[in-house]
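A look at the structure
So you can see what is in the structure, the chains are spelled out below.
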Amino acid sequence: MRENKVKTAVDFQLHALPAPGKAVIALGGLSAGLEYTDGKIAILTEGAPAARKKLRPKAATSRQKLETFTDLSQGDLVVHEQHGIGRYVAMVKMVTDGVEKDYLKIAYAGADVLYVPATQLNLVSKYIGAGDNPETKKLSRLGGDSWEKAKRKAKGAAKDLAKGLIQLYAQRQRTPGYAFSPDSPWMKEFEEQFEYTETDDQLRCIAEIKKDMETARPMDRLLCGDVGYGKTEVAFRAIMKCVLDGKQAAILVPTTVLARQHFLTAKRRFERYPVVIETVSRFRTPAQIKDILRRLGEGKIDLLVGTHRLLQKDVIFKDLGLLVVDEEQRFGVTHKEKLKELSKQVDVLTLSATPIPRTLNMALSGIRDMSTLEEPPVDRQPVQTYVLEHDWSALTDAIRRELERGGQVYYLHNRVETIARTASRLGQMLGEDVNIAIAHGKMTQEEINDVMSRMTDGEVDVLVCTTIIETGIDIPNANTLIIEDADKMGLAQLHQIRGRVGRSTRRAYAYLTYRPGKVLTEVAAKRLGAIREFAEFGSGFKIAMRDLEIRGAGNVLGPEQSGFLMSVGYDMYLQLLEDAVLEEQGRTAEKKTECQADLTVVASIPDRYVPMPEQRMDLYRRIARIQNEEEADDLVDELIDRYGDPPRPVNNLITVALLRATAAGLGITELTQRGMNLNLTLGNMDFARVSALCAQDKYKGRLLFSAGEKPYLSLRLKKGEDVLRLGQKLLEDYAKSVDTPGRE
């Protein structure tokens, strides 16, 4: 931490001015901050733009998110790009050439051990793919050719898969679509009437979707945002853009409850505009549906909201321009096939809080476009999540605490035949003054609507329900959730249900329970541990990846692909698939040179600077991925914000990462220091460039070129010379030496 750091005290007195060297946190209302120089006082308001400007890191790619969210822990399987699958042992410190450095220790088959320098952690990723039992996974043997064989076989399989995927998804790129008009004044007016302030992420996603819609090819975009992050508003703006061009839009949802929620929300959002909105579901009468479908075919309905009833043959749109699919993972295979037929030349926007791995895979592989909402709404708090044995006494205490603060409770009991008995028991324990209601899928639509209306109006204190509340229910006053037999539910489902609470500024609580005395399976324990671990904002993407990790990725791409995927791991397979997709599209996959750096400088993250090993590991990997000065500056800003001014070893580490990136771009495969010599191993031999460099006066007598199986340049260091500064200068001169006279 910074040596000159000012000691900070927290004082909650509203009107007290801070003493020198202290900070005061106070509640109040100011439109902006101010600085009073004479009194040496600065007031910073929450969310001030100046305070936010440098704190938001540069948006990470989907690949980087995948790496960041799979943090290593001892015993995990890992994949090294060049050496294959091993088991992570520990981060160890070793002294080489008189300098202490951090290495990742990886155990391979037999007694083989590999020590990976912390500067090269970008070559290591967590292995995902063996499913429930990674202990049985066969480790690679160092020095053999088994890893290269496995990669070649997996690459061949990836090519076969890519052909099918390209035919299915890249056909949309070639299919002529409709190019929507740029925003009209009505569109801008519609956006301005949104009652909340949009987050920066919402504005970015809206801009990406509009750009897609304005091009003459069908859009196929996945909008991934956590529950309650404003996906619906983003979708409504796309719908408005569609309707203003005289085309029809449809929202396809998995449940009747969600269809009703979207229908009512849409009616409210579009009420000031001549947009005709209707809904079809199994609870509409045949006469009502017949009338709706007639008007739909005549083009008199602008927006149709419905369940899979929308996919039936008698539903014919006059001019469908946009299809919004909510929670795609909830639809079956048959429905998805019909969906493909419906959406051939139509813009498609898929909304998901937890994208299914196959969809995620396509998004990551560049076959499908993806937008992510990662910024929480203002004043929203994460849901406090507990995993515990079912204990009536503890749970009734939790319910009473919620009711005492004027809130409401969801009690999820997912068995219709015993739900009434559970509600009765709760009534006996809580007393007659507590209003308890029941909701489940076998009730009629009128009964469900009645219960939900009473819940919305605050007439119901505790709603005992099944997973019918999983999607679409938005009751901000309900902020305690209790789930029975949570160990029987999937990770994505648990996350989705937990999203029903915490939709206001009030702290919400979720209690995930399992039967007393029950021994949880390893998968269930991992699942409940993950849902508790990922309680913070923006967990949807993380949960999709952890779900993939727990279940294994074998069933993601079909049985014919699972063996190849498991042989190299999900991340490596993804890279091979990306390359195969590019080849199928007629583009060449970029071949990147990897440069190893072994310099006699102290370049590490000291324990005293970042005490948590997991955070050090993540930072090492992020530093190893740095490609340019801008990325380095962003990371340094973040380090200062989180840990204080970085010490010299950390600055050296970042400089080494920049040297590696620069050298790799020049075709240099190794930067090594041997005593007083700095050696550059040349992967791409360019004799004219080397000659021009050696001919420079400042390098005469110091720079030697050695030709051989591995040609290299060797620069003699002077005593006390800074090897990092000299390395930077040498690489700059090597890059410029291409422009010598006589060269084409």
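In this report, we go over the structure that sits alongside the text. Small disclaimer: the values here were computed from a predicted structure and weren't measured. (Residues numbered from 1 in each chain as written. Predicted model: local features only at pLDDT ≥ 70, side-chain atom pairs only at ≥ 80, totals over all residues. Heavy atoms only, no water.)

Within the protein one finds 23 helices and 25 strands. Burial statistics for the protein: of 744 residues in total, 50% are counted as buried. Taking all contacts inside the protein whose residues are at least 6 apart in sequence as the whole, residues at least 24 apart take part in 74%. Accessible surface, the protein: about 36100 Å² in total, of which carbon and sulfur atoms supply 50%. (Helix = DSSP H or I, 4+ residues; strand = E, 2+ residues; numbered from the N terminus. Buried < 20%, exposed > 50% of the residue type's maximum accessible area, 1.4 Å probe, protein only. Contact = heavy atoms within 4.5 Å. Areas by Shrake-Rupley, 256 points an atom, 1.4 Å probe, with all protein chains shown as cover.)

Position of L296 among the secondary structure elements: in helix α8 (residues 286–297). With a relative accessible area of 0%, L296 lands in the buried category. Sequence spacing of L296 and V315 is 19 residues, and the spatial spacing of their C-alpha atoms is 8.0 Å. Discounting chain neighbours no more than four positions away, the residues touching L296 are Q248, I301, L304, V315, I316, F317 and K318.

Considering all chains together, one arrives at 8 aromatic pairs under this definition. Plain terms: the ring middles of F190 and Y273 are 5.7 Å apart, the flat faces sit at 70° to each other, and that makes the pair edge-to-face. Highlighted residues: F190 in helix α4 (residues 185–192) and Y273 in the loop between α7 (256–269) and β10 (277–280), separated in sequence by 83 residues. The same class applies to F190 and to Y273, which are both buried. Measuring from ring centre to ring centre gives 5.3 Å for Y386 and Y511, while their planes differ by 15°; the resulting arrangement is stacked. In this pair, Y386 is assigned in strand β15 (residues 384–389) and Y511 in strand β20 (residues 509–514), connecting sequence segments 125 residues apart. Judged by its relative accessible area of 11%, Y511 falls in the buried class. (Phe/Tyr/Trp six-rings, centres within 6.5 Å; stacked < 30°, edge-to-face > 60°.)

Turning next to a nonpolar patch on the surface. Residues L34, Y36 and I43 make up a contiguous nonpolar surface patch of roughly 280 Å² in combined accessible area. Take I43: it is sitting in strand β2 (residues 41–43). Judged by relative accessible area, I43 falls into the partly exposed class, the value being 34%. (Patch = residues over 30% accessible without salt bridge, like charges linked within 9 Å, V, L, I, M, F, W, Y side chains within 5 Å. Salt bridge = Lys/Arg side-chain N within 4 Å of Asp/Glu carboxyl O.)

Moving on, we come to helix α5 (residues 200–213). An ideal rise of 1.5 Å per residue puts 20 Å on 14 residues; α5 measures up with 20 Å between its terminal C-alpha atoms. When α5 is considered as a whole, its buried residues turn out to be D201, Q202, C205, I206, I209, K210, D212 and M213. Considered in projection along α5, the buried side chains sweep an arc of 165° and stay on one side of the axis. Those residues of α5 that are buried are in contact with α4, β8 (220–225), α6 (231–244), β12 (320–326), β13 (347–352) and β14 (369–373). (Expected span 1.5 Å × (residues − 1). Arc of directions from axis to C-beta.)

Glancing now at the pairing of β14. In summary, the side chains of a regular strand alternate between the two faces of the sheet. The buried count for β14 comes to 4 of 5 residues, which makes it a mostly enclosed element. Pairing analysis gives 5 bridges linking β8 to β14, with the strands arranged parallel. Across the sheet, G225 pairs through a bridge with L373, a residue of β14. (Pairing = 2+ DSSP bridges.)

Strand order in this open sheet of 5 strands is β21-β22-β23-β25-β24, and the pairing throughout is mixed. The open sheet is flanked by β21 (596–598) and β24 (703–706), the only strands paired with a single partner. Recorded for the sheet is a direction-independent mean angle of 15° between the axes of neighbouring strands. In the sheet, strand β23 (residues 677–682) pairs with strand β25 (residues 712–716) via 5 bridges, with the strands oriented antiparallel. Across the sheet, L678 pairs through a bridge with L715, a residue of β25. Sitting on the sheet, helix α22 (residues 687–694) is in contact with β23, β24 and β25, with an inclination near 155° to β24. Together, β22 (668–674), β23 and β25 form the strand contacts of helix α23 (residues 723–736), whose direction differs from that of β23 by roughly 35°. (Axes fitted to C-alpha atoms, helices over the stretch in contact; angles between N-to-C directions.)

Take the environment of Q673 next. For Q673, the position within the fold is in strand β22. Between the C-alpha atom of Q673 and that of L599, which follows or precedes it by 74 residues, the distance is 4.9 Å. When neighbours within four sequence positions are excluded, Q673 is seen to be in contact with D97, D598, L599, T600, L717 and V723. At 2.8 Å, the side chain of Q673 and the backbone nitrogen of T600 are in polar contact. Side-chain polar atoms of Q673 contact the backbone oxygen of G675, separated by 3.4 Å. (Polar contact = N/O pair within 3.5 Å; in protein donor to acceptor, adjacent residues only side chain to side chain.)

Below, the discussion takes up the packing of α4 against α6. Contact geometry of α4 with α6 gives a least axis separation of 10 Å together with a crossing angle of 155°. In terms of orientation, α4 lies roughly antiparallel with respect to α6. The handedness of the crossing between α4 and α6 is right-handed. Contacts between α4 and α6 involve W186, M187, F190 and E191 from the former and F236, R237, M240, K241 and L244 from the latter. (Parallel < 35°, antiparallel > 145°, perpendicular 65-115°, else oblique. Left-handed = near helix turned anticlockwise from the far one by under 90°.)

We now examine the packing of helix α19 (residues 613–624) against helix α21 (residues 648–665). α21 packs onto α19 with a crossing angle of 35° between their chain directions and a minimal axis gap of 9 Å. Taking contact as the criterion, the partners of Y620, I623 and A624 in α19 are, on α21, L653, I654, A657 and R660. Per-class residue counts for the contact of α19 with α21 are 6 nonpolar, no polar and 1 charged. (Nonpolar A, V, L, I, M, F, W, Y, C, P; charged D, E, K, R; others polar.)

By themselves, these are just geometric observations and shouldn't be taken as functional.
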